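Descriptive analysis of the structure
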Amino acid sequence: MNNVEKTTPFHSPRARANDYAGQVGEADGCVRMEMLEGNFLGLADVDGPCDVAILQIPYELTTSYGEGTVDGPRACIAASSQVELYDPLLPEDLPAGFRLHTAPAWDGEGDSLAEQLANVETYLSDYLDGSCFPVVLGGEHGLLPAEMRALRAHPDIEGDLSRVTLVQIDAHADLRDEMNGERASHACAARRALDEGVGGIIQIGVRAISREEALFLAEDGRVECFPARDLLSTCSGERDWNLLQARLADIDGPVWLTLDIDGLDGGLVPNTGTPVPGGLHYWQAVELIEALFANPDCRVLGADVVEIVPGKEGPLTEFTAAMLATKVIAAHLANLLEQREKQEVET
Ligand SMILES: [Mn+2]
């Protein structure tokens, strides 16, 4: 074990080099001393302050097509026990000396949609005060406006959500004003986030969009969209991918990453509420996450991975979600480690 730690190079996202080759064979460090059921990655929990909080929000009210997101967070936690603890961004296996806390799940209380969302906001507010890095597992995307309301209290925001750039990986634009008469629908999540005052949205992977949403996108300067078709085009995909990378490198200020797993190709997430063909590859999602954390001017305050639905025929959907959540955590911790090392050098 020690030998692995000594010989495994440290790659913070910011110092990321393209020399992962040869390291994979060394990754035999995925040994959990004690597999703890119900905890993300099966890792032991911590008492008191934590560096990362895993927040399960089994919120499901407005799913229009499939259903089962209410069971998504728990399934994702279960699948995470099979995720490797080794990540090339970190010099040690996860938790890499940090404190991960899998919080008790949101209790689902509330007699109406508005009440439930208010309760989600209250639940989140303990973890969105800047004391730790929150990773939300959902639950349907309709919880996004509650996240934004809770985020308003974050010290980096100072009540002003217009500072926030929402980076949204999603098959859908979620820009409808209402869906079947319901303005809190998951199909309206991004539109409601704008209503809450979010300054800008960068949408990635969109490929199922209504005329109303396309018109809104064209006219509203707050939303930029990088459609899946452009990013994956056989002829021009590389150019558009590079444009997206440049845009992410250009972000300056606080960011919330909202990762609707249906942004990935439907083949990778067959059980999500509305799987859509023609989506992002797994490695594209990983590169997007790493690019965000590699930008020194971009402060990712937290993230969600939503629309997780457990599969009846196999756990691919929730496992994909667990791997991406783990990548977000690893990238955040690598930056934290780099900050700490800098501070130690300075003092
Ligand atoms: Mn969505």
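Refer to the structure printed above.
Presented here is a report on the structure given in the accompanying data block. (Residues numbered from 1 in each chain as written. Predicted model: local features only at pLDDT ≥ 70, side-chain atom pairs only at ≥ 80, totals over all residues.)

1. Details of the overall build of the chain
Rules: By the criteria applied, helices consist of DSSP H or I runs no shorter than four residues and strands consist of E runs no shorter than two, each listed in order from the N terminus. In this scheme the burial state of a residue depends on its C-beta neighbours within 10 Å: 20 or more other such atoms mean buried, 12 or fewer mean exposed, and anything in between means partly exposed; the C-beta positions come from the backbone. Each residue gets a C-beta atom placed from its backbone, and two residues are in contact if those atoms lie within 7 Å.
Within the chain one finds ten helices and eight strands. Going through the 347 residues of the chain one by one, you find that 50% of them count as buried. For the chain, contacts bridging at least 24 residues in sequence account for 75% of all contacts bridging at least 6.

2. Some words on the sheet that holds strand β8 (residues 298-306)
How we decide: Each pair of strands is called paired provided DSSP finds at least two bridges between the two strands. Note on definitions: angles span 0 to 180 degrees between N-to-C directions of axes, and those axes are lines fitted to C-alpha atoms, for helices only across the stretch in contact.
Pairing is parallel in the open sheet, where eight strands are placed in the order β2-β1-β3-β8-β7-β4-β5-β6. Two strands close off the open sheet at either side, each with one partner strand: β2 (100-102) and β6 (223-226). Mean inter-strand twist for the sheet, computed between neighbouring axes without regard to direction, equals 20 degrees. Inspection of the sheet shows strand β5 (residues 200-204) paired to β6 by four bridges, in the parallel sense. Bridge pairing links I202 to E224 in β6.

3. Points about the nonpolar core
Generally speaking, a soluble globular protein has its nonpolar side chains buried in company with each other. How we decide: For this entry, the nonpolar core is defined as buried Ala, Val, Leu, Ile, Met, Phe, Trp, Tyr and Cys residues connected by C-beta atoms within 7 Å.
V135, L292 and V305 are the most contacted members of the largest nonpolar core, which totals 104 residues. Examining the composition of this core, we find that eleven residues originate from one element, helix α10 (residues 316-346), more than from any other. Aside from chain neighbours lying at most four places away, what touches V135 is V52, I54, L55, G302, A303, A325, V328 and I329.

4. Here's the deal with the environment of C188
Mapped onto the secondary structure, C188 falls in the loop between β4 (165-169) and α5 (189-196). In the structure, C188 is positioned 13 residues away from L175 in sequence and 5.1 Å away in space, judged by C-alpha atoms.

5. A look at the packing of helix α4 (residues 144-151) against α5
What counts here: Note on angle classes: values under 35 degrees are labelled roughly parallel, values over 145 roughly antiparallel, values of 65 to 115 roughly perpendicular, and the remainder oblique. Less than a right angle of anticlockwise turn of the near helix away from the far helix marks a crossing as left-handed, whereas a clockwise turn marks it as right-handed. Under the convention adopted here, Pro, Cys and the residues Ala, Val, Leu, Ile, Met, Phe, Trp and Tyr are nonpolar, Asp, Glu, Lys and Arg are charged, and Gly plus all remaining residues are polar.
Two numbers describe how α4 lies on α5: the axes approach to 8 Å, and their chain directions differ by 25 degrees. Considered as vectors, α4 and α5 are oriented roughly parallel to each other. Of the two elements, α4 crosses α5, and the hand of that crossing is right-handed. The segment α4 lies against α5, with L144, P145, M148 and R149 engaging A189, R192, A193 and E196. Residue composition of the contact of α4 with α5, by class: five nonpolar, no polar and three charged.

6. Looking at unusual backbone geometry
The omega torsion of the bond from L94 to P95 falls at 10 degrees, within 30 degrees of zero and hence cis. Despite not being glycine, L41 shows a phi value in the positive range, around 65 degrees. Within the secondary structure layout, L41 lies in the loop between α1 (2-7) and β1 (52-57). Non-glycine residue D174 carries a positive phi angle of around 55 degrees. Summarising the element assignment, D174 is placed in the loop between β4 and α5.

7. What about the environment of A334?
The residue A334 is located in helix α10 in this model. Classification of A334 as buried rests on a count of 26 C-beta atoms within 10 Å. Sequence separation between A334 and L90 is 244 residues, and the spatial gap between their C-alpha atoms is 5.8 Å.

8. Examining the pairing of strand β3 (residues 133-138)
With six of its six residues buried, β3 lies for the most part within the structure. In this structure, β1 lies alongside β3, joined through six bridges in parallel fashion. In the sheet register, V52 faces β3, and the bridge partner there is F133. Summarising the sheet, β3 and β8 pair through three bridges and their orientation is parallel. Pairing of V135 across the sheet is with A303, part of β8.

9. Brief notes about α4
Of all the eight residues making up α4, eight are buried; the element is thus mostly covered by neighbouring parts of the structure. If you check which residues of α4 are buried, you get L144, P145, A146, E147, M148, R149, A150 and L151. For α4, the elements touching its buried residues are α3 (113-125), β3, α5, β7 (253-260) and β8.

10. Focus on the pairing of β4
The cut-off we apply is this: A crossover counts as right-handed when, viewed with the strands pointing away from the observer, the path leading from the first strand over the helix to the second turns clockwise.
Burial analysis of β4 places five of its five residues in the buried class, which makes it a mostly covered element. Residues T165, V167 and I169 point to one face of β4 and L166 and Q168 to the other, with burial holding for every one of them. Alignment of β4 against β5, held across five bridges, turns out to be parallel. By the bridge assignment for β5, L166 is matched with I201. In this region the chain leaves β4, passes through α5 and returns to the parallel neighbour β5; the handedness of that crossover is right-handed.

Purely geometric stuff here, so don't read any function into it on its own.
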